[in-house]
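# Observations on the three-dimensional arrangement
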Amino acid sequence: MSDEIVQVDGLTKRFGEVVAVNSLSFNARKGEILGLVGPDGAGKTTALRILAGVLPADAGVVLITGQDVLRQPEVIKSRISYMPQQFGLYEDLTVAENIRFYADIFEVSRTVRQQREDQLLEASGMSRFRDRLAGQLSGGMKRKLGIACALIHTPQLLLLDEPTTGVDPVSRRELWSILYSLVFEGVTVLVSTAYLDEAERCHRLLLMHQGRRLFFGTPDELKNMLPGAVLSISSPDPQALQTAVTGEQGVLSATAMGDVLHVVVDDPDRRLAQLRAKFEHAEVPFGELRRIPASVEDVFVYVISQQETEQGS
Amino acid sequence: MNLRRTAAMSRKEFTQVRRDPYSLIVVLFLPLVQILLLGYGARLDANHIPVYVLDQEGSQDSQALLKAFQASPYFDVIKAVDNYHALVRAIDADQCKLGIVIPWDFSERLADAGRTSVQAIVDGTDDNSAQLAEGYAQAVVATYASNVQLDWFARYGLSQQATTPLSVDYRTWFNEDLESKNFIIPGTVALVMALMGALLSSLTIAREWERGTMEQLIATPVTALEIMVGKLVPYLAIGLADATLCAVFAVGWFGVPFRGGSGAFFLATTLFLIVILGIGYMISVATKSQLGASQYALLVTLLPTSMLSGFAFPIDQMPAPIRAITYLVYSRYYVSALKRIFLSSAGISDLVPEVVAMTIYALVIGFFATRAFHKSLQ
C-alpha cells in the first residue's frame, strides 16, 4: 500500500444538475504512468483538477502521498506538478523567464535550476529558443515548455491534461520519452488522452465515461474486453447498414461514425463475407468493407453496450 | 509569506507591464497628459474676457472708465457699438461675454450728485465665467469710483486723510496670487494616482483568468497573500515614480510651489496608493474580466477623487449632506494633504489627521484585499 502515491475513493463532483465525476475510485503506484482515457466530457479534466487541488469536490476521498487533498489542498502542491489542457504559461515572458518563474515559485536552488533547465530544454530540442517569447512558440513547443516548467522542481506526481492534443508526432515522441525517463526516476504520472495509441503506452488505464469508471487495468486487459475485431463499412446510408447488421450472427455491436459503420464481430474473416452477402441480398448500398484496428472509441462503445445490457438484465 | 516567491511574482508582473503597450501608455503618458490637460484646461480663472462697449455719452469721463477696462488684464475691449441692439446681438452670437453700457447722463450725474451707474450685461451660459466676469467688472468700476471720489474730495479741499474710507487689506497666504493652477495642480497628482493605480491593478488578477494562466498558477505552492503582494508591489513602485514625475512637472513646468516635506509627500502617496491598488485588486478578483474590472475600478476610484475630494470643487462650498459624504471619501484626505504639502510648508507632523485617516483606510482595504482571493477554480 505504501507505494500507492494516489488513492481516490468515491470521488464525486457536480456542476448544478450535471454529475461531472461520479463515485470514481482508482489508485496509482509510485513510478507508473496511469492514463485517463475517455471522450470529451467524460470527466477527465475535472478529475485531474480535483487531484491538483484547484477544484473542490462534493464527496469522496483523495489521498496523494497520504495527504488529504480535499481537506488541505495546499499541503500537496509542492509535491505535485499540474499542466492544464490549455497552455497556462505566460505568453509575454520568454521561455527562460517562464522556467525561472516556476523555479522560484517551487524554490528550486539556482544551481539545480540551471542544470535542469539545460537538461529539459535539451531533451525537448528547445535550447535555441531560450529567449523567445512563449507566445511565439508552436503548439508542440508550448507543450514542451509547459512540461519543462512542470518538471523544473522534482514532483512526486505529475498531472498532465491532454498534453499531446494538437502536437506534431515528433514532439509527441519526445514528450513520451521524457515521461519514461521520469518514471525511471520514480515519478508517478497521471496523463489524460483521447488517443488509443497513447493509451497503450501507459502502464495502466482508467477509462471514463459520463463521469464514471468504465474500466481500470492494463492496456492488455482492456483489449481483452473486446472479444473479436472491428470492421469498417463505408456507405451513403450508414443508418440502413446499421439496421441490416443488427441481430446478425456474430455481430456484437454496431455504431455509425460519420459516413462509416463500425461493427464489432467475433470472427472477422468469417463475418466479412457473411455481411457482404447480407448487404447484397438486402440491396443496401455499401462501399469499402475492411478490418481496422480497434480505436478507443470502439472499445468504449462495446464496453458501454455491454454495461447497458448488464444493467438491463 | 515567502520572499522568494513574492519577488518572483513581482518580477513577472513588472516584465509583463514592460512588454504591454497598453500598460506602458498608462504608466508613461497618462500622468503627463493628465497633468497637462488639467494644468491648462481646468483653470478656474478667466483672462481676456471679450467685452463690447456701448458709450451713449462719449464724454471724457466715460472714456476714462472704458480705458480702465481696457487696461485690465481680465478684459479685452473688442469693439465699441453705437446702439443697444448691436450689443445684444453680439452677446447672442457669443462674440463677447460682457457688454458695458454707459448711459448718456453719466458724467452729468457724476458731477451733480456723485452717484451714477453703468450697466453690465453678462453672458450667464457659463456660470463660473459669468461670476468671474461680474466680479472683475465690479472691481474695475470700484477702482474707477474711488479715484473719482478722491478727485472730488481734493477739488473741494477736503483732506484725504480725513475722508479716505475704511478699507480692508486682504492678504492671502499659501496661494498669494489666488491662481487657480496652484489650487488645481496639486490635486491632479491624486487624480493621476487614482487613474493609473486603478487601471493597472484592476487588470492583474483578471489578466491571469482571461489568458488561462490562473489554473496553473493556483496549482503551485504560491499563497494568495504572495500573489497579492507580489503583484501590487511593482504598481506601488511605478505609482511613486509617477507621483514624483507629476510633482517635478508641476513645479518645473507650471511653477507651482512645493514648500512642504518630500517625506510627507511620499508617505501620503504610498498610503493613497495602497487604498487604490487594494480596491483595484479586489475588483479584479471579483470580475475576472479585464474590461469589466477596469471600468468598475475607474468608477469607484476616479469618480470620487475628481468630484468629492476637493480637488477642484471646494468641499466647504458643498451642501451639508454632500460635505458629510466627503468625510468617507478616502481621496479627500490625500488631496487635502497634497495641497498643504505643495502650498504651505506642511510636514508629516502637520498632517496627522490626514495620515491617520489614510492609514485606517489602507489597513481596512488591505485586510479585505488579503481575503478576497481564493486559490480555486470555483
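Residues numbered from 1 in each chain as written. Chains lettered and ligands numbered in written order. Predicted model: local features only at pLDDT ≥ 70, side-chain atom pairs only at ≥ 80, totals over all residues. Heavy atoms only, no water.

What chain B contains, in helices and strands, is 15 helices and four strands. Expected size for 378 residues packed as a compact globule is a radius of gyration near 21 Å; at 28 Å, chain B overshoots this value by more than 25%. With the principal axes as the frame, chain B shows a C-alpha extent of 95 × 45 × 40 Å. The burial tally for chain B puts 48% of its 378 residues in the buried class. Within chain B, contacts between residues separated by at least 24 positions form 81% of all contacts whose residues are at least 6 apart in sequence. Accessible surface, chain B: about 18600 Å² in total, of which carbon and sulfur atoms supply 62%. Counting 27 positive and 30 negative side-chain charges, chain B places the centres of these two groups 17 Å from one another. (Helix = DSSP H or I, 4+ residues; strand = E, 2+ residues; numbered from the N terminus. Rg over C-alpha atoms; globule rule 2.2 N^0.38 Å. Buried < 20%, exposed > 50% of the residue type's maximum accessible area, 1.4 Å probe, protein only. Contact = heavy atoms within 4.5 Å. Areas by Shrake-Rupley, 256 points an atom, 1.4 Å probe, with all protein chains shown as cover. Lys, Arg positive; Asp, Glu negative; His and termini not counted. Charge placed at Lys NZ, Arg CZ, Asp CG, Glu CD.)

This part covers the confidence of the model for chain B. All names here are of chain B. Averaged over every residue, the pLDDT of chain B is 86; the share at 70 or more is 92%. Looking at the elements of chain B, mean pLDDT is at its lowest for helix 7 (residues 160-163), recorded as 48, and at its highest for helix 1 (residues 3-19), recorded as 96. Note that pLDDT drops below 50 for residues 161-165; the model gives that stretch two contacts with residues more than four away or on any other chain. We note a pTM of 0.79 for the whole complex and an ipTM of 0.84 for its interfaces. (pLDDT = per-residue confidence, 0-100.)

Moving on to the nonpolar core. Ranked by internal contacts, the top residues of the largest apolar core, which has 158 residues, are A:V6, A:L51, A:L145, A:L190 and B:F373. Counting residues per element, this core draws most heavily on helix 8 (residues 180-210) of chain B, at 15 residues. Look past the residues within four positions of A:V6 in its chain and what remains in contact with it is A:F26, A:N27, A:A28, A:L51, A:L63, A:I64, A:L157 and A:L190. Listed in part, the 17 residues of the second largest apolar core include B:V53, B:F75, B:L98 and B:F106. (Core = buried A, V, L, I, M, F, W, Y, C linked by side-chain atoms within 4.5 Å.)

This paragraph deals with the packing of helix 11 (residues 262-287) of chain B against helix 12 (residues 290-307) of chain B. Residue and element names in this part refer to chain B. In contact at an axis separation of 8 Å, helix 11 and helix 12 are set at 150 degrees when each is read in the N-to-C sense. When the axes of helix 11 and helix 12 are compared, the pair comes out roughly antiparallel. Considering how the two elements wind past one another, helix 11 and helix 12 form a crossing that is right-handed. Here F272, I276, I279, I283, S284 and T287 of helix 11 come into contact with helix 12, specifically with G292, A293, Y296, A297, V300, T301 and T305. Within the contact of helix 11 with helix 12, the residues separate by chemical class into eight nonpolar, five polar and no charged. (Axes fitted to C-alpha atoms, helices over the stretch in contact; angles between N-to-C directions. Parallel < 35°, antiparallel > 145°, perpendicular 65-115°, else oblique. Left-handed = near helix turned anticlockwise from the far one by under 90°. Nonpolar A, V, L, I, M, F, W, Y, C, P; charged D, E, K, R; others polar.)

Residue and element names in this part refer to chain B. Running from N to C, helix 1 and helix 2 (residues 21-41) point in directions that differ by 90 degrees, and their axes come no closer than 5 Å. If you check the angle between helix 1 and helix 2, you find them roughly perpendicular. Across from V17, R18 and R19 in helix 1, the residues of helix 2 making contact are P21, S23, L24 and V27. Residues of the contact of helix 1 with helix 2, tallied by class, amount to four nonpolar, one polar and two charged.

It is worth spelling out the interface of chain B and chain A at this point. Chain B puts 26 residues into the contact, and the matching count from chain A is 35 residues. In total, about 2700 Å² of surface goes out of reach between chain B and chain A, with carbon and sulfur atoms giving 52% of it. One can count seven salt bridges joining chain B with chain A. Note that A:E74 is salt-bridged to B:K375, the shortest N-O span being 2.6 Å. At the level of secondary structure, the elements contributing two or more residues to the side of chain B that touches chain A comprise helix 1 and helix 9 (214-218) of chain B. At nine residues, helix 1 of chain B tops the list of elements feeding residues into the side of chain B that touches chain A. (Buried area = accessible area lost by both parts, 1.4 Å probe. Salt bridge = Lys/Arg side-chain N within 4 Å of Asp/Glu carboxyl O.)

Below, the discussion takes up the domain arrangement of chain B. What the domain assignment lists for chain B is domain 1 (3-43 + 179-372) and domain 2 (49-163). Put simply, the middle of domain 1 of chain B and the middle of domain 2 of chain B, counted by C-alpha atoms, are 48 Å apart. (Domains from an automatic or database assignment.)

Moving on: the pairing of strand 2 (residues 18-29) of chain A. Across a regular strand the side chains alternate sides, sitting on one face of the sheet and then on the other. All names here are of chain A. Examined bridge by bridge, strand 1 (residues 4-15) and strand 2 share eight bridges and lie antiparallel to one another. Bridged to F15 within strand 2 is V18. With antiparallel pairing between neighbouring strands as the criterion, strand 1 and strand 2 make up a hairpin whose turn holds two residues, including G16 at a positive phi of roughly 65 degrees. (Pairing = 2+ DSSP bridges.)

Turning next to a nonpolar patch on the surface. Together, B:L24, B:I25, B:L28, B:F29, B:V33 and B:L37 make up a nonpolar patch on the protein surface, roughly 560 Å² of accessible area in all. Here B:L28 shows up in helix 2. (Patch = residues over 30% accessible without salt bridge, like charges linked within 9 Å, V, L, I, M, F, W, Y side chains within 5 Å.)

The topology assignment puts B:Q317 in the loop between helix 12 and helix 13 (320-326). A residue is classified by how much of its surface remains accessible, and B:Q317, at 64% relative accessible area, is exposed.

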